[in-house]
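A structural walkthrough
Next come the chains, spelled out residue by residue.
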Amino acid sequence: KVKKKSSSFDEKFEERTVRWLREEFARRQEERRLIERGWELNMNFLSGNQYCGINPAGEIEEEQPRYFWQYRRVFNHIAPAIDTRIAKLARVRPALTVRPASGQERDLRAAKLASDVLASVSEACSLGETISRATVWSETCGTVFYKVYWAEGGVHVAEVAPFEIYPEDLSCASVGEQGSIMHAKAVPVAEIERLYGVRVKGQDVYEFSLAPYSAAANFMGGAGAGARYVKHGCALVIEYYEKPTADHPEGRLLIAAGDRLVHNGCLPYENGEGERGYPFVRQCALEFSGAFFGGSVIDRMIPV
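Residues numbered from 1 in each chain as written. Predicted model: local features only at pLDDT ≥ 70, side-chain atom pairs only at ≥ 80, totals over all residues. Heavy atoms only, no water.

1. Focus on the packing of helix 3 (residues 78-91) against helix 5 (residues 127-141)
Note the threshold: Here the axes come from fitting lines to C-alpha atoms, over the contacting stretch only for helices, and the angles between their N-to-C directions go from 0 to 180 degrees. A run of H or I in DSSP counts as a helix once it spans at least four residues, and a run of E counts as a strand once it spans at least two, with each numbered from the N terminus. To sort the angles, those under 35 degrees are grouped as roughly parallel, those over 145 as roughly antiparallel, those from 65 to 115 as roughly perpendicular, and the leftovers as oblique. By convention, the crossing between two helices is left-handed when the near helix turns anticlockwise from the far helix through less than a right angle, and right-handed when the turn is clockwise. Residues count as neighbours in contact if any of their non-hydrogen atoms are within 4.5 Å of one another. The nonpolar class holds Ala, Val, Leu, Ile, Met, Phe, Trp, Tyr, Cys and Pro. Asp, Glu, Lys and Arg form the charged class, and all remaining residues, Gly among them, are polar.
Remark: helix 3 packs on helix 5, axes separated minimally by 10 Å, with the N-to-C direction vectors making an angle of 140 degrees. By the angle between their directions, the pair helix 3 and helix 5 is classed as oblique. Relative to helix 5, helix 3 is oriented so that their crossing is right-handed. Residues Ile82, Arg85, Ile86 and Leu89 of helix 3 pack against Thr135, Val136 and Glu139 of helix 5. Here the residues of the contact of helix 3 with helix 5 are counted per class, giving four nonpolar, one polar and two charged.

2. Observations regarding the pairing of strand 9 (residues 252-257)
Stated precisely, the cut-off is as follows: Only protein chains enter the area calculation, which uses a 1.4 Å probe; residues under 20% of their type maximum are buried, those over 50% are exposed, and those in between are partly exposed. Strands are treated as partners if at least two bridges between them are detected by DSSP.
Counting buried positions over the six residues of strand 9 gives five, a clear majority of the element. Summarising the sheet, strand 9 and strand 10 (residues 260-265) pair through five bridges and their orientation is antiparallel. Residue pairing across strands places Ala257 opposite Arg260, the latter belonging to strand 10. Adjacent in sequence and paired antiparallel, strand 9 and strand 10 are bridged by two residues, among which Gly258 carries a positive phi angle near 65 degrees.

3. Re the pairing of strand 6 (residues 180-188)
Counting buried positions over the nine residues of strand 6 gives seven, a clear majority of the element. Across three bridges, strand 5 (residues 165-167) lies against strand 6 in antiparallel orientation. Following the sheet pairing, Tyr166 is matched in strand 6 by Met182.

4. As for the packing of aromatic side chains
How two aromatic rings sit relative to each other is given by the distance of their centres and the angle of their planes. As a reminder of what qualifies: Stacked, edge-to-face and tilted labels apply to pairs of Phe, Tyr and Trp rings (six-membered ring for Trp) whose centres lie within 6.5 Å, assigned for plane angles under 30 degrees, over 60, and everything in between, in that order. Whether a charge sits over a ring depends on NZ of Lys or CZ of Arg being within 6 Å of the ring centre and within 35 degrees of the ring normal.
Under the counting rule described, the total for this entry stands at ten aromatic pairs. Aromatic side chains Trp39 and Phe293 sit 5.0 Å apart centroid to centroid with 70 degrees between the ring planes, which places their arrangement in the edge-to-face category. Here Trp39 is found in helix 2 (residues 33-47), whereas its partner Phe293 is found in the loop between strand 11 (280-284) and helix 7 (297-301), with 254 residues between them in sequence. In this structure Trp39 comes out as buried when scored by relative accessible area, which is 3%. Aromatic pair Tyr67 and Trp69: ring centres 5.1 Å apart, planes at 5 degrees, arrangement stacked. Looking at Tyr67, the relative accessible area reads 46%, which means it is partly exposed. Taken together, Trp39, Trp137, Phe145, Phe163, Phe292 and Phe293 form an aromatic cluster joined through their ring pairs. Sitting above the plane of the Tyr51 ring, Arg72 keeps its charged end 4.2 Å from the centroid. Positioned above the aromatic ring of Phe292 is the side chain of Arg282, whose terminal nitrogen or guanidinium carbon lies 5.9 Å from the ring centre.

Written as structure tokens, this is what we have:
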């Protein structure tokens, strides 16, 4: 990312834009709340916290034993099934190749060269490891995203948990057809200053993690899948990506870090058939018609 101090923005414009971004983020967060609770439930069942459910208020709640003498044990059949699926998916991972446009020698050489470049880039950015981590997210929550971006002179591919992505329309399954997409995450204030050259106030932020499975994990707070970890000294960074429109022919990218606007410009990459588009790729374990977020096998295993 290019460092850009928010002092270059008009103060009223900055304040108005940051306020709008936070209000829009809060709206999307509330709109997606029940979907998130389903992800949290999956993460808890995967880690062995299987005496829990979603209460009428839409929150995760631990179910208490009916009698004081009742002894509850969990025989976790979900984690081995997910481990098996992940292992099988790791063995059938596709390789990136380029097909020649024709049978001419020139096109054949160009396709081979492009395939070698792709293989080199994939190795340089550890694409295999990224796909492995992303697959754990998609198998658990049903959806994961890859973010493809240019940083420090090279291409980078990072897995993005579904908790960080907020689409404009939950009923639109295609990333490219979304009017806008928000990527929100907690970033240390020192990293924000390094990237954008501004100082913002830090705070404690809860963040979900897929740590190694642990049947002895504490409910919604200990080690293990489904745990909420506290990140200290961080600020919320909201990246707002908007597709090209009549008002913004090259799209728009707004970035707010804490209470500061650190970037206002067009979409940075021409990655959609010669047009500027979103730097995100969606991966679903189970595709749902008319839904942006997919489903997980755990959704079907919980009732059993």
